[in-house]
Amino acid sequence: MSNEYTNNSFERGSRISHSYIINDEEVKQYLNNCEIPVKEEDVELNDALKYDIIYPEKNTIEFIVAVDGESTTIPVKKSFPSSLITFFQFGSLLIKGSDLDEMEKKPFVSPSDINKLKKIEREKFVLPTKNVALKKDIDFRTTVREAIHEFFKKKHSGTTSILETLYWFIFEQYNPSSTKSNYKLSQCPHCGTNNIVLEKDKIEFKNYSWTCTHDKCNKEIFITDVFRLFEKVDNDAGASGIITYLESVTGSFFIIHTIKSLMEIEDGLVDRFLLVKDGPLSFGGETANMHKPMQVLLTYLNKNNKINLIGVETSGAFVDHARQIKDKLNPGQVFLLNNEHIYTYIQVGNHKEQQYGSTSYYSGKFIYKAFDGRVYVLTIPVENHNTYYNQPELADLKNIQEILMNIDKLRCDIYENALIPVAIANKLISLTNHPSYNILERFAKKTMGI
């Protein structure tokens, strides 16, 4: 039997299968009952949620730091494709506001101008993802936990590790009057005992770890276990389910690490920085519990500082919706997104019964139409998440006018409605283009002796 015949038969079989689905009355009835997002002309914007942006006369933001991360998963052996490893690369890009001001005055932006902005710090990380062991006689969950812990142990910038930053963060070391003395872990990653109390004074600083308090366990618990990523890792499923969340939480902690470093260098220095995160200001999946200590940190800092922090979304349902309604907004106008609008026009749900992002967001989401007509989906920290999404006001978004003034300076044509730091960071750390993928695959096999 020829391959051509086999392929044609397979294609005919596929078409026959499709025809059964298309002609099935039950399927037709189900699809007729499905709802999809409404058309542009049917979207109504509540005028009370529209605000005109007026830029301040003085720009106190002198530097922009953008953090981006990317990952790619590859098989390490063609004859055993279920053995996987994932390469991560993170970039922290520093941009001087004065360089942007100079670029704005020029009719054309030259490559040398862009090179001025490419002051990027790259950090690399390899995660065993499935059927790969780092040491003999250690289960896969422990292998993954150790890999994450070792990456956070490194001194990525400044003089301290992100492990120290994580300790500083969850035990509120930034606040001299804080009485936070313990952290409740959902469960022990070894024995599964629920609600393990991690006491601040009992940490072993050498490895930033504790010993499980269950008398039949007594195994090591890492401080990075507070991310709860181990809950989604096992020998059968591997670690594929945590990759997106690990990428996001790591990017967030590069920002937190930067905040800590700035606070230690000089009081008030953090006010002069705009911190830009690729994606919304939130923690997803098992790491969602981190949004609570993040809220505590930002509330504390906002008492004496201006925390200029913004998340930029470049894809997804909210970005699609922003493009859909762009003609309903005037240039220089924001539209604040509340529960009712989100669950009426963007996501499936009932705004009377659901609270958007209540277990993961520490920020308020809005759409901004810049003065040049570009639209952005952005998030800025808010003090009270529930208040914002029930009845948002512009005042909830601290220093929004100045932040958006700098967002306008960062416009970029590399991608549609992109911002310079996010676009450049993404280009400089990209792992997903085909040549990079092949290089990483060859590197992994050579390193592992395959």
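Residues numbered from 1 in each chain as written. Predicted model: local features only at pLDDT ≥ 70, side-chain atom pairs only at ≥ 80, totals over all residues. Heavy atoms only, no water.

Draft legend 1. Representation of the overall build of the protein chain within the structure. Broken down by element type, the protein chain carries 14 helices and 15 strands. Taken over 450 residues, the protein chain has a buried fraction of 49%. When the accessible area of the protein chain is evaluated, it comes to approximately 23100 Å², of which 48% is carbon and sulfur surface. (Helix = DSSP H or I, 4+ residues; strand = E, 2+ residues; numbered from the N terminus. Buried < 20%, exposed > 50% of the residue type's maximum accessible area, 1.4 Å probe, protein only. Areas by Shrake-Rupley, 256 points an atom, 1.4 Å probe, with all protein chains shown as cover.)

Draft legend 2. Quick look at the pattern of salt bridges. For the coordinates displayed, the defined rule picks out 14 salt bridges. Measuring nitrogen to oxygen at the nearest pair gives 2.8 Å for the salt bridge that ties glutamate 231 to arginine 228. Note on glutamate 231: relative accessible area 23%, which makes it partly exposed. Residue classification places arginine 228 among the partly exposed positions, given a relative accessible area of 26%. Between aspartate 372 and arginine 374 there is a salt bridge; the shortest N-O distance is 2.8 Å. Judged by its relative accessible area of 16%, arginine 374 falls in the buried class. (Salt bridge = Lys/Arg side-chain N within 4 Å of Asp/Glu carboxyl O.)

Draft legend 3. Spotlight on helix α10 (residues 339-346). Extensive coverage of α10 is indicated by the burial of six of its eight residues. Residues Asn339, His341, Ile342, Tyr343, Tyr345 and Ile346 constitute the buried set of α10. Close packing links the buried residues of α10 with α9 (317-325), β11 (333-336) and α11 (385-390). (Contact = heavy atoms within 4.5 Å.)

Draft legend 4. Summary view of the confidence of the model for the protein chain. The predicted model of the protein chain averages 80 in pLDDT, with 73% of residues at 70 or higher. Least confident of the elements in the protein chain is helix α14 (residues 434-447), whose mean pLDDT is 41; most confident is β11, at 98. Every residue in residues 413-448 is under pLDDT 50, and counting partners more than four places away or in other chains gives 95 contacts. (pLDDT = per-residue confidence, 0-100.)

Draft legend 5. Geometry of unusual backbone geometry. For arginine 228, which is not glycine, the phi torsion reads 65° and is therefore positive. Note on placement: arginine 228 falls in the loop between β8 (220-222) and α7 (243-265). In this model, asparagine 399 sits at a positive phi of 60°, which is unusual for a non-glycine residue. Assignment of secondary structure puts asparagine 399 in the loop between α11 and α12 (400-409). For asparagine 399, a relative accessible area of 24% puts it in the partly exposed group.

Draft legend 6. Summary view of the nonpolar core. Residues Leu127, Phe169 and Phe253 are the most contacted members of the largest nonpolar core, which totals 64 residues. In terms of nonpolar packing, the next biggest core, distinct from the first, is built from 47 residues, Leu45, Tyr343, Ile346 and Leu397 among them. (Core = buried A, V, L, I, M, F, W, Y, C linked by side-chain atoms within 4.5 Å.)

Draft legend 7. Fine view of helix α5 (residues 140-153). The end-to-end C-alpha distance of α5, which contains 14 residues, comes to 20 Å, matching closely the 20 Å that a straight helix rising 1.5 Å per residue would cover. Burial of α5 is extensive: 10 of the 14 residues sit out of reach of the surface. Of all the residues in α5, the buried ones are Phe140, Thr142, Thr143, Val144, Arg145, Ala147, Ile148, His149, Phe151 and Phe152. Of the residues that open α5, the one with a side-chain oxygen 3.2 Å from the backbone nitrogen of arginine 141 is aspartate 139. (Expected span 1.5 Å × (residues − 1). Polar contact = N/O pair within 3.5 Å; in protein donor to acceptor, adjacent residues only side chain to side chain.)

Draft legend 8. Quick peek at the pairing of strand β12 (residues 363-369). Burial of β12 is extensive: seven of the seven residues sit out of reach of the surface. Burial along β12 is two-sided: Ser363, Lys365, Ile367 and Lys369 and Gly364, Phe366 and Tyr368, pointing in opposite directions, are all buried. In this structure, β12 lies alongside strand β13 (residues 375-381), joined through seven bridges in antiparallel fashion. The partner of glycine 364 across the bridge, within β13, is isoleucine 380. (Pairing = 2+ DSSP bridges.)

Draft legend 9. Seen up close, the pairing of β11. Alternating positions in β11 separate into two faces, Gln333 and Phe335 on one and Val334 and Leu336 on the other, with burial throughout. Both strand β1 (residues 50-52) and β11 contribute to a ladder of three bridges, which runs antiparallel. Along β11, the bridge assignment pairs lysine 50 with phenylalanine 335. Pairing of β11 with β12 involves four bridges; the strand directions are antiparallel. Considered in β12, the bridge of glutamine 333 is made with lysine 369.

Draft legend 10. Main features of the environment of isoleucine 162. Summarising the element assignment, isoleucine 162 is placed in helix α6 (residues 162-170). By relative accessible area, isoleucine 162 is classed as buried at 1%. Distance from isoleucine 162 to phenylalanine 152, taken between C-alpha atoms, is 5.2 Å for residues 10 residues apart in sequence.

Draft legend 11. Here's a closer look at the packing of α6 against α7. Closest axis-to-axis distance for the α6/α7 pair is 10 Å, and the angle between their directions is 80°. Here α6 lies roughly perpendicular to α7, going by the angle between them. Taken together, the residues of α7 that come into contact with α6 (itself represented by Ile162, Glu164, Thr165, Leu166, Trp168 and Phe169) are Phe253, Phe254, Ile256, His257, Lys260 and Met263. Broken down by class, the residue content of the contact of α6 with α7 amounts to eight nonpolar, two polar and two charged. (Axes fitted to C-alpha atoms, helices over the stretch in contact; angles between N-to-C directions. Parallel < 35°, antiparallel > 145°, perpendicular 65-115°, else oblique. Nonpolar A, V, L, I, M, F, W, Y, C, P; charged D, E, K, R; others polar.)

Draft legend 12. Structural view of the packing of aromatic side chains. Scanning the model with the defined rule gives 27 aromatic pairs in all. Between the aromatic rings of phenylalanine 151 and phenylalanine 152, the centroid separation amounts to 6.0 Å while the plane-to-plane angle is 80°, which identifies the pairing as edge-to-face. Using a relative accessible area of 2% as the deciding quantity, one classes phenylalanine 151 as buried. Taking the relative accessible area as the measure of exposure, phenylalanine 152 reaches 1% and is therefore buried. Aromatic pair phenylalanine 253 and phenylalanine 283: ring centres 6.5 Å apart, planes at 55°, arrangement tilted. (Phe/Tyr/Trp six-rings, centres within 6.5 Å; stacked < 30°, edge-to-face > 60°.)

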